[in-house]
Amino acid sequence: MLAQSQDYFLQQAIKKSKNKTSADFEGPGFVFVQLDGVSAPVFEWQLNAGNLPNMKQLIDEGEYTFTGWNTQLPSTTPASQAGILHGSHKGIPAFRWYERKTDELVIANQTKGAALIEKRVSNGRGLLVDGGISIGNLFSGDAPTNIMVMSKLDGDRQALRAMGEYTDYFSSIYGFMRAFVLSIGEMIKEIYQAQRQRIKNSQPRVARKGSYILLRAATNVLLRDLQTTIVVDQMIKGVNSIYVDYLDYDEIAHHAGIARPESMAALVGLDSIVGILTKAAKSSARPYHVVFVSDHGQSQGPTFKQINNGNTLETIVGGLLGTTAITASTAPVEQESIARSLLAQSGSGKGLTSSASRKLDNSYQQKTETTAKIASYEAEIVVTGSGNLGNVWIKDFKSRPSLGQIESKYPGFVEKLLQTPGMGLVIILDEKKVPICIDAQGQINLSTEAVKGKNPLRIYKNIRVKELFNLATDPNAPDIILISAKHPGSNEVHAFEELVGNHGGIGGWQTEALL
């Protein structure tokens with residue numbers, strides 16, 4: 001039944017394609033499929049369990065091999081995707097960060113932030129520069145054609161025209177009925193599964209309601225179908241290279257947990273996409289190599305707020321520093337790019353629906369991007385969270401301070417911070433401006449790897465000190481880097497955001513991606 005559904009979807013996509021294969025191509029093309037947030041251990045477990053039949057068939061037939069790879073730090077989509085598409089993630093210390101020079105927050109999945117990052121990391125020779133297309137990503141990879149790419153959503157008329165070619169997908173009888181029925185079903189499943197977690201008292205868990213119900217339908221139905229239709233259409237056209245990001249598993253695992261039934265169902269759904277795209281590659285006039293990669297994994301655990309009696313990271317930091325003048329950005333924001341992409345796509349056409357989408361998109365943009373400006377005369381401290389990676393800037397210092405400078409102004413701050421439940425590591429500069437990593441029992445110099453007391457990294461596997469050193473010496477690194485504690489048995493970590501599944505720092509499977 002699943003195979004028949006895949007075949008029918010592929011037939012419809014080919015039937016509705018407006019493109020014809022260009023005879024002017026040399027050699028095979030490439031399709032890079034990003035399975036967002038899928039860790040190598042979770043993938044291997046489901047592969048061996050027989051729950052990913054399309055991927056298993058590719059491996060069994062000898063066409064594909066599977067391996068894991070360790071991500072750089074931070075273990076986030078912006079850093080990994082910038083590295084893959086542009087060859088550099090320099091200047092990306094987290095999912096969001098503060099810049100002293102401009103007194104602003106940079107948030108990677110907002111149009112302004114994504115455009116700024118791409119301007120900094122692009123050298124004009126990205127992965128997709130030679131006639132490629134970027135679909136549903138944060139960055140373009142220097143592709144000449146971009147569809148639903150965050151860094152190109154503003155001011156790129158070509159990107160909007162390209163999106164407009166696909167606005168009739170949901171207006172066709174097949175596209176509308178499929179989207180309507182599956183979206184309703186996805187929302188009903190979410191309500192039921194969230195209630196089931198509450199009844200069973202499944203732990204860890206977070207609240208799953210409101211806009212997330214709609215976002216789940218967006219990622220697992222609307223965006224998935226739209227992106228797959230675009231990819232197949234471009235393969236028929238015979239473009240040189242395609243890079244597409246599927247958010248399905250990542251979004252659900254954030255809210256439900258990395259190995260909960262609904263997360264595994266999302267992974268099975270991605271396997272069906274594997275089947276469609278590999279069949280499309282074999283049936284298109286131009287041969288294609290289809291490469292599957294994830295940008296990071298995920299770890300999970302009760303949130304930092306949950307184990308601190310409802311106190312957030314910014315509340316605790318402010319209390320220890322004796323101030324309430326704090327600007328904080330620790331709310332989950334990854335899913336915002338989904339809403340913006342869909343609104344921009346819907347607003348690229350004509351008619352009332354497109355007009356309404358454009359108005360909503362403009363309103364949404366103004367609302368989200370005004371939060372990036374910091375009121376410098378009010379805030380003394382800036383705190384951000386990216387999964388279990390926390391960042392702190394103390395604005396009294398005009399440049400990045402050392403441990404001694406901080407202790408001189410705020411005696412006992414670091415020690416008290418490490419005594420906070422769920423706090424694992426503090427990374428800070430020593431008096432020689434060399435980064436050191438500290439826990440409650442010892443420290444390690446991240447440059448020389450000299451250890452005093454017990455090695456703070458003793459319980460972490462597959463973590464290279466060099467990666468922590470690079471994170472701590474990034475041009476935009478904060479005054480203080482925080483990494484939540486890791487449970488030595490369960491590998492649980494504690495997100496500084498209200499998310500069960502999380503990534504950004506170290507601990508658990510969040511740095512173990514797949515290829």
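No experiment lies behind these values; they were computed from the predicted model shown. (Residues numbered from 1 in each chain as written. Predicted model: local features only at pLDDT ≥ 70, side-chain atom pairs only at ≥ 80, totals over all residues. Heavy atoms only, no water.)

1. Quick word on helix H10 (residues 261–283)
Moving on, step 1. Here H10 is 23 residues long and its end C-alpha atoms lie 33 Å apart, about the 33 Å a rise of 1.5 Å per residue gives.
Moving on, step 2. Buried residues dominate H10, accounting for 17 of its 23 residues. (Helix = DSSP H or I, 4+ residues; strand = E, 2+ residues; numbered from the N terminus. Expected span 1.5 Å × (residues − 1). Buried < 20%, exposed > 50% of the residue type's maximum accessible area, 1.4 Å probe, protein only.)

2. Observations regarding the sheet that holds strand S13 (residues 423–429)
Moving on, step 1. Pairing is mixed in the open sheet, where 8 strands are placed in the order S10-S11-S12-S17-S13-S14-S15-S16. Lying at the two open borders of the sheet, with one neighbouring strand each, are strand S10 (326–329) and strand S16 (451–453). Each adjacent strand pair in this sheet contributes to an overall mean axis angle of 15°, direction not counted.
Moving on, step 2. With 6 bridges joining them, strand S11 (residues 381–386) and strand S12 (residues 389–394) adopt antiparallel strand pairing. (Pairing = 2+ DSSP bridges. Axes fitted to C-alpha atoms, helices over the stretch in contact; angles between N-to-C directions.)

3. Section: unusual backbone geometry
Moving on, step 1. Here the bond from Leu 73 into Pro 74 is cis, since omega is 5°, no more than 30 degrees from zero.
Moving on, step 2. Residue placement: Pro 74 occurs in the loop between strand S2 (68–70) and helix H4 (77–86).
Moving on, step 3. Here Gln 203 and Pro 204 are connected by a cis peptide whose omega angle stands at -5°.
Moving on, step 4. Topologically, Pro 204 is positioned in the loop between helix H7 (173–200) and helix H8 (211–237).
Moving on, step 5. Backbone geometry places Met 148, a non-glycine residue, at a positive phi of 55°.
Moving on, step 6. With respect to the helices and strands, Met 148 occurs in the loop between strand S6 (145–147) and helix H6 (157–164).
Moving on, step 7. Note on Met 148: relative accessible area 1%, which makes it buried.
Moving on, step 8. Unlike most non-glycine residues, Asn 201 shows phi in positive territory, near 55°.
Moving on, step 9. Mapping Asn 201 onto the fold places it in the loop between H7 and H8.

4. Description of the packing of aromatic side chains
Working definition: an aromatic ring pair is given by the centre-to-centre distance plus the angle between the planes.
Moving on, step 1. In total, this model carries 6 aromatic pairs according to the counting rule given.
Moving on, step 2. With 5.0 Å between their ring centres and 50° between their planes, Phe 43 and Phe 66 make a pair best called tilted. Of this pair, Phe 43 sits in helix H2 (residues 40–48) while Phe 66 is found in the loop between helix H3 (53–60) and S2, placing the two residues 23 residues apart along the sequence.
Moving on, step 3. According to the relative accessible area criterion, Phe 43 is buried, its value standing at 3%.
Moving on, step 4. Ring plane angle 40° and centroid distance 6.0 Å describe the contact between Tyr 64 and Phe 292, whose orientation is recorded as tilted. With Tyr 64 in the loop between H3 and S2 and Phe 292 in strand S8 (residues 288–293), the pair connects residues that are 228 residues apart, well separated along the chain.
Moving on, step 5. Given a relative accessible area of 5%, Phe 292 falls into the buried group.
Moving on, step 6. Among the aromatic side chains, those forming a connected cluster through ring pairs are Phe 30, Phe 32 and Tyr 243.
Moving on, step 7. The side chain of Lys 486 reaches across the aromatic face of Tyr 460, ending 5.9 Å from its centre. (Phe/Tyr/Trp six-rings, centres within 6.5 Å; stacked < 30°, edge-to-face > 60°. Lys NZ or Arg CZ within 6 Å of the ring centre and 35° of its normal.)

5. Quick word on the sheet that holds strand S7 (residues 241–246)
Moving on, step 1. Judged by pairing direction, the sheet is parallel, and its 5 strands sit side by side in the order S6-S5-S7-S1-S8 without closing on themselves. The two strands at the open ends of the sheet, each matched to only one other strand, are S6 and S8. Shown here is a sheet whose adjacent strand axes are inclined to one another by a mean of 15°, direction ignored.
Moving on, step 2. Sheet topology note: the strand S5 (residues 132–135)/S6 ladder contains 3 bridges and is parallel. Along S6, the bridge assignment pairs Ser 134 with Asn 146.

6. Some remarks on the pattern of salt bridges
Moving on, step 1. The full count for this structure, using the stated rule, is 18 salt bridges.
Moving on, step 2. Close ionic contact of Arg 464 with Glu 467 constitutes a salt bridge, the shortest N to O distance being 3.0 Å.
Moving on, step 3. Taken together, the salt bridges that share partners define one network made up of Glu 186, Lys 189, Glu 190, Arg 196, Arg 208, Arg 216 and Glu 262. (Salt bridge = Lys/Arg side-chain N within 4 Å of Asp/Glu carboxyl O.)

7. Some details on the pairing of S13
Moving on, step 1. Of all 7 residues that make up S13, 7 are buried, and the element is covered over most of its length.
Moving on, step 2. Strand direction decides the pairing type here: S13 and strand S14 (residues 435–439), joined by 4 bridges, are antiparallel. If you follow Leu 429 over to S14, its bridge partner there is Pro 435.
Moving on, step 3. The antiparallel pairing of S13 with S14 creates a hairpin that spans 5 residues between the two strands, and Lys 433 there sits at a positive phi of about 65°.

8. What about the pairing of S12?
Moving on, step 1. Most of S12 is tucked away: 6 of the 6 residues are buried.
Moving on, step 2. Linkage of S11 to S12, two consecutive antiparallel strands, is achieved through a turn of 2 residues, within which Gly 387 is found at a positive phi near 65°.
Moving on, step 3. Where S12 and strand S17 (residues 480–484) come together, 4 bridges link them in antiparallel fashion. Residue pairing across strands places Gly 390 opposite Leu 482, the latter belonging to S17.

9. Comments concerning the environment of Asp 233
Moving on, step 1. By secondary structure assignment, the location of Asp 233 is in helix H8.
Moving on, step 2. Since its relative accessible area comes to 5%, Asp 233 is described here as buried.
Moving on, step 3. Along the backbone, Asp 233 and Ser 284 are 51 residues apart, and their C-alpha atoms lie at a distance of 9.9 Å.

10. What to know about the environment of Gly 301
Moving on, step 1. For Gly 301, the location among the structural elements is in the loop between strand S9 (299–300) and helix H11 (313–321).
Moving on, step 2. Once residues lying within four places of it in the same chain are set aside, the contact partners of Gly 301 are Pro 204, Glu 492, Val 493, Leu 499, Val 500 and Asn 502. (Contact = heavy atoms within 4.5 Å.)

11. Quick word on the confidence of the model for the protein chain
Moving on, step 1. Per-residue confidence for the protein chain averages 87 on the pLDDT scale, and 83% of its residues sit at or above 70.
Moving on, step 2. This model gives residues 351–357 a pLDDT under 50, and the stretch forms 6 contacts once residues within four places in sequence are excluded. (pLDDT = per-residue confidence, 0-100.)

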